[in-house]
Amino acid sequence: MLPPDAHRLVRTRIGAILASRRVRRRIELVVLALGGAVLGVLVGGVVHARIGPVETRFALRPSLTGGTEIDVAPLGAIAFDSHDGPARLHVDVTRLRVDAARRIFADPDTLAQLGDRVAADLRAALWRLGLQALLAAAVGAALVVLPAFRRLRPVLVAAGIAVVTVAGAGLAGLATWNSRALGEPRYTGLLTSAPAVVGNAQDIVRRFSAYQKELATLVTNVSRLYDVTSTLPAYSPDRSTIRLLHVSDLHLNPAAWDLIRSVVQQFSVDVVVDSGDITDHGSRPEDRYVAEIARVAVPYVYIRGNHDARTTEAAVRRNPNAVVLSGSAATVAGLRFFGDGDPRFTPDRTTRESPEAQRETLDRFGRRLGARLAAGEPPPVDVALVHDPLAARLLDGLAPLMLAGHVHRREVQVLPEGTWLMVQGSTGGAGLRGLEGEQPTPFALSVLYVDRETRTLRAWDEVTVGRLGNASVQVQRRMAEDRPRTATVPGAAGGG
């Protein structure tokens, strides 16, 4: 016989082994339940619903960032940062009921009621989707766990884990729901060439009660896209809004002109503003490139960049629609502009000073411009232009809106004294230097919507054209309200 101490040791070891096995089995149960829940939602978390005149397919997908994506095949996709959480809502527009859509468009009363109808349809579809996702998750977890455990209790526990997990994901989505997200859509594909879908700058979502109206506008415009895509009107003009197209750093890329002309036409732009570096070396042969300004159908406000020579500035001035600012001001399209060309001329690396010397040059330049604006010379301006954003910090509070370029990346900030600083990416894809990195620089330009009466920025659309070899286009709507203030000024003296 074994001594009593030996019996106790054996029992202790056996108990530890059994406890360890129970822990492993519980972990295995949880992992299998979660895996089954995900599979169940992927397979069964789908509902088909009518939203107004549109037939749709709603589906939930696992995601780290959440959000909502509407696929309007073959026209493209619309994405919204509607919520955070582990689930993304994917909506496919499968078919337009043409007769129903045309009846709605033809009847003003029916069209006015579309917001309530769409909101009710959407709520019903989301409730169905949520209940179906819960059921699909429970069934999926049970089917995955059953072969591994072969007992009823673990199967029921797995189903419960799946239901709690999916319900938790739903609650996370509700807790982080952003009712304003519909005002900041991102468009890809052919939808980017249909700016009427974006809506009017005055229709920015300001409160939850406006959500239904915006939703109805979206459904209406998507329906019209299906019905009359070939004759869809451009962004509808509005007398209370001035549309300003901000471009920068074309760097001799001929493709930039086609892009600029297209955006001017499609977005009904009133004035183009170029914050410099239209050429690469400021040489005489490059003057032929700037002659394309005359083919832009609206006024073209320009300041010189550090790659542009005085002769470049003179060549721009020869275009009949060009307005060159060289320490001067001008009123164009109802806005008062003031700006000056970059104090440096650095067409290549051999002409560049040290970063410290360039910062000193830009500091003196900014102080000089700031002193003029502070003294009321010229009279108060609406938009100030500098090429390098490092020169902008001394103009804070002296103009409501300041535009810059130079760094070949888009950045938007509200400075401490309230001035909006909008730094544009390269509208020319940084020219040949845009091919130096692993990924070519994308084409970037922005349409700004300024209130004609108050001269305040209301919203802007960031247009980004895919890198070389990529034909993708994206339009991102941004709203001026609720943007954070920051004291950081982007830029680098040694930029492009």
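For the structure, check the block above.
Residues numbered from 1 in each chain as written. Predicted model: local features only at pLDDT ≥ 70, side-chain atom pairs only at ≥ 80, totals over all residues. Heavy atoms only, no water.

Undergrad: Run through the packing of aromatic side chains, naming residues and quoting values.
TA: A complete count under the given rule lists three aromatic pairs for this structure. With a centroid separation of 5.5 Å and an interplanar angle of 45°, the aromatic rings of tryptophan 257 and tyrosine 289 are classed as tilted. Placement of the pair is tryptophan 257 in helix H7 (residues 255–266) and tyrosine 289 in helix H8 (residues 287–290), with a sequence separation of 32 residues. Looking at tryptophan 257, the relative accessible area reads 2%, which means it is buried. Exposure remark for tyrosine 289: the relative accessible area of 11% places this residue in the buried category. Centroid distance tryptophan 257 to tyrosine 300: 6.0 Å. Interplanar angle 45°. Geometry classified as tilted. Highlighted residues: tryptophan 257 in helix H7 and tyrosine 300 in strand S9 (residues 300–302), separated in sequence by 43 residues. Across the pair, exposure class does not vary: tryptophan 257 and tyrosine 300 are buried alike. The structure contains a cluster of three or more aromatic residues connected by ring pairs, namely Trp257, Tyr289 and Tyr300. (Phe/Tyr/Trp six-rings, centres within 6.5 Å; stacked < 30°, edge-to-face > 60°. Helix = DSSP H or I, 4+ residues; strand = E, 2+ residues; numbered from the N terminus. Buried < 20%, exposed > 50% of the residue type's maximum accessible area, 1.4 Å probe, protein only.)

Undergrad: Describe the side chain of arginine 304, listing the residues and the values that go with them.
TA: Looking at the element boundaries, arginine 304 is found in the loop between S9 and helix H9 (310–317). Exposure remark for arginine 304: the relative accessible area of 5% places this residue in the buried category. At 2.6 Å, the side chain of arginine 304 forms a polar contact with the side chain of glutamate 313. Setting aside its immediate chain neighbours within four residues, arginine 304 contacts Gly276, Ala309, Arg310, Glu313, Ser326, Gly341, Asp342 and His387. (Polar contact = N/O pair within 3.5 Å; in protein donor to acceptor, adjacent residues only side chain to side chain. Contact = heavy atoms within 4.5 Å.)

Undergrad: Please set out unusual backbone geometry residue by residue, giving values where relevant.
TA: Positive phi values are uncommon outside glycine, yet arginine 150 reaches one of about 55°. Mapped onto the fold, arginine 150 is located in the loop between helix H4 (114–149) and helix H5 (152–175). Its identity as a non-glycine residue notwithstanding, aspartate 249 has a phi of 55°, on the positive side. Note that aspartate 249 resides in the loop between strand S7 (241–247) and H7.

Undergrad: Describe the sheet that holds strand S12 (residues 335–339), with residues and values.
TA: Pairing is mixed in the open sheet, where six strands are placed in the order S11-S12-S13-S14-S16-S15. With partners counted over all chains shown, the strands left at the sheet margins are strand S11 (328–332) and strand S15 (411–414), one partner each. When the angles between neighbouring strand axes are averaged without regard to direction, this sheet yields 20°. (Pairing = 2+ DSSP bridges. Axes fitted to C-alpha atoms, helices over the stretch in contact; angles between N-to-C directions.)

Undergrad: So what's going on with H9? Residues and values would help.
TA: An α-helical segment advances 3.6 residues per turn. Residues three or four places apart therefore align on the same side. All buried positions along H9 are accounted for by Thr312, Glu313, Ala315 and Val316. Within H9, the buried residues cover an arc of 160° as seen down the axis, which keeps them to one side. The secondary structure elements touched by the buried residues of H9 are H8, S9 and strand S10 (322–324). (Arc of directions from axis to C-beta.)

Undergrad: Outline the environment of glycine 40, supporting the account with residue identities and numerical values.
TA: Inspection of the secondary structure puts glycine 40 in helix H1 (residues 4–44). Look at glycine 40 and you get buried, because its relative accessible area is 9%. Spatially, the C-alpha atom of glycine 40 lies 4.7 Å from that of alanine 136, the residues being 96 residues apart in sequence. Excluding residues within four positions of it along the chain, glycine 40 makes contact with Gly45, Ala136, Ala137 and Gly140.

Undergrad: Tell me about the pairing of strand S14 (residues 401–404), and name the residues and values.
TA: Going residue by residue along S14, you find Leu401 and Leu403 tucked away on one face and Met402 and Ala404 tucked away on the opposite face as well. Direction of pairing for S14 relative to strand S16 (residues 420–423): parallel, over a ladder of four bridges. Residue leucine 401 lies in a different strand from S16, and its bridge partner there is tryptophan 420.

Undergrad: Account for the environment of alanine 256, naming residues and giving values.
TA: Among the secondary structure elements, alanine 256 is positioned in helix H7. Sequence spacing of alanine 256 and glycine 428 is 172 residues, and the spatial spacing of their C-alpha atoms is 5.1 Å.

Undergrad: Give me the lowdown on the pattern of salt bridges, citing residues and values where you can.
TA: Taken as a whole and assessed by the stated rule, the structure comprises 18 salt bridges. The salt bridge involving arginine 88 is made with glutamate 69; its shortest N-O contact spans 3.9 Å. With arginine 88 in strand S5 (residues 87–96) and glutamate 69 in strand S3 (residues 68–72), the pair connects residues that are 19 residues apart, well separated along the chain. Across the pair arginine 393 and aspartate 363 runs a salt bridge, and its minimum N-O distance is 2.7 Å. Note that arginine 393 is positioned in the loop between strand S13 (383–385) and S14 and aspartate 363 in helix H10 (residues 355–374), a separation of 30 residues in sequence. The partly exposed category is assigned to arginine 393, whose relative accessible area is 38%. Given the relative accessible area of 18%, aspartate 363 is considered buried. Connected through shared salt-bridge partners, Asp258, Arg261, Glu292 and Arg295 make up one network. (Salt bridge = Lys/Arg side-chain N within 4 Å of Asp/Glu carboxyl O.)

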